[in-house]
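If you want the building blocks of each chain, they are given just below.
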Amino acid sequence: MKRTLIILFAALFTGFVFCQENPLWLRRPAISPDGKTILFTYKGDIYSVPSSGGNATPMTMSESYEFAPVWSHDGKMIAFASDRYGNFDVFVMPAGGGEAKRLTFHSNREVPSSFTADDKNILFSAYRQDPVSNAQFPIPLMSELYSVPVNGGHVTQVLPIPAMDATVNSTGDKIIYHDLKGYESEWRKHHTSSVTRDIWVYDLKTKKYKQLTTFKGEDRNPVFDKNDNDYYYLSEQNGSFNVYKSSLSDPDKNTALTHFKKNPVRFLTASRNN
């Protein structure tokens, strides 16, 4: 009986090791500003791995679900979403590991997308309360964009619209994001409809919005080039999602940088050297 139990345990352990060495559904990769490290989500925890390859190290390890890791621009901090207190809140922790600090306390889901240019605040999506001048009513689908200090404190509404995957330029005066016009599964492929996502930029100085893409299918997940004029994004223009490059000065002109045919590119991030 004892021998049987030992063999069974060995078989289970071997299966566990095999699963860990061949993981599937690694999501939300985020490359560090210096390009040396990648954060990703796997089975509800955040891991860190060298971009050159190597062993992945858990940054979080708990019964709660953590996802959506975001790097600060100086590479010293990461923000993420966790449901360790019931709903998803925004947390921040040292990039080298350590204790995570809870920054938001609302009863609804909140997910970070970027640090501000000076790394003093974190941008996140949530549905809290629209201004009375806005016809939109706050519901889980149609969120708003907020900011919270990295040291904790008062939450400020930045935009009263669903500015998804919002990131900022190096001077912090422009926010680039993709919109959300209505319900459609983010995992659906190749669809065209009135609710497909487009890329927009918001100028914080002039308080003006500008639509950058008009493709009838999906455009999403934009990030600025270090020159603050060019930007990269994901688009289904040629079938599957691929990485494209365009510019604020000439958004009608874009160039495909990847050419995958079967499987889509997901979760675009960029290091300081693009």
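Let me sum up the structure you'll find in this document. (Residues numbered from 1 in each chain as written. Predicted model: local features only at pLDDT ≥ 70, side-chain atom pairs only at ≥ 80, totals over all residues. Heavy atoms only, no water.)

Focus: the environment of Thr-206
Within the secondary structure, Thr-206 sits in the loop between strand S15 (199-203) and strand S16 (208-211). A C-alpha to C-alpha distance of 9.8 Å links Thr-206 and Lys-174, two positions 32 residues apart in sequence. (Helix = DSSP H or I, 4+ residues; strand = E, 2+ residues; numbered from the N terminus.)

Remarks on the pattern of salt bridges
Tallied over the entire structure, the rule returns 11 salt bridges. Ionic pairing is found between Arg-102 and Asp-89, a salt bridge with its closest N-O pair at 3.0 Å. With a gap of 13 residues between them, Arg-102 in strand S8 (residues 101-102) and Asp-89 in strand S7 (residues 89-94) connect regions that are remote in the sequence. Note that Asp-198 and Lys-181 form a salt bridge whose closest N and O atoms lie 3.0 Å from each other. With Asp-198 in the loop between strand S14 (174-178) and S15 and Lys-181 in the loop between S14 and S15, this residue pair connects regions lying 17 residues apart in the sequence. Exposure remark for Asp-198: the relative accessible area of 6% places this residue in the buried category. Connected through salt bridges with shared partners, the residues Asp-179, Lys-181 and Asp-198 form a single ionic network. (Salt bridge = Lys/Arg side-chain N within 4 Å of Asp/Glu carboxyl O. Buried < 20%, exposed > 50% of the residue type's maximum accessible area, 1.4 Å probe, protein only.)

Examining unusual backbone geometry
Leaving glycine aside, a negative phi is the common case for residues, and trans is the common case for peptide bonds. Phi angles above zero are rare outside glycine, and Arg-28 is one such case at about 55°. Structurally, the position occupied by Arg-28 is in strand S1 (residues 27-31). Given a relative accessible area of 22%, Arg-28 falls into the partly exposed group. The backbone of Asn-274 sits at a positive phi, close to 65°, despite the residue not being glycine. The class for Asn-274 is partly exposed, based on a relative accessible area of 37%.

Brief notes about the sheet that holds S16
Pairing is antiparallel across the open sheet formed by 4 strands, whose spatial order is S13-S14-S15-S16. Since the sheet does not close on itself, it has two edges, and those belong to strand S13 (164-168) and S16, each with one partner. Each adjacent strand pair in this sheet contributes to an overall mean axis angle of 20°, direction not counted. Pairing of S14 with S15, which is carried by 5 bridges, proceeds in the antiparallel orientation. When the bridges of S15 are listed, His-178 appears paired with Ile-199. (Pairing = 2+ DSSP bridges. Axes fitted to C-alpha atoms, helices over the stretch in contact; angles between N-to-C directions.)

Considerations on the nonpolar core
Residues Leu-103, Phe-115, Ile-122, Phe-124 and Val-148 are the most contacted members of the largest nonpolar core, which totals 13 residues. Elements with a contribution of two residues or more to this core: S7, strand S10 (121-126) and strand S11 (144-149). With 3 residues, the single largest contributor to this core is S10. Beyond its immediate chain neighbours, meaning those up to four positions away, Val-148 contacts Leu-103, Thr-104, Lys-120, Asn-121, Ile-122, Phe-124, Gly-153, His-154 and Val-155. (Core = buried A, V, L, I, M, F, W, Y, C linked by side-chain atoms within 4.5 Å. Contact = heavy atoms within 4.5 Å.)

Function cannot be inferred from these measures alone, as they are strictly geometric.
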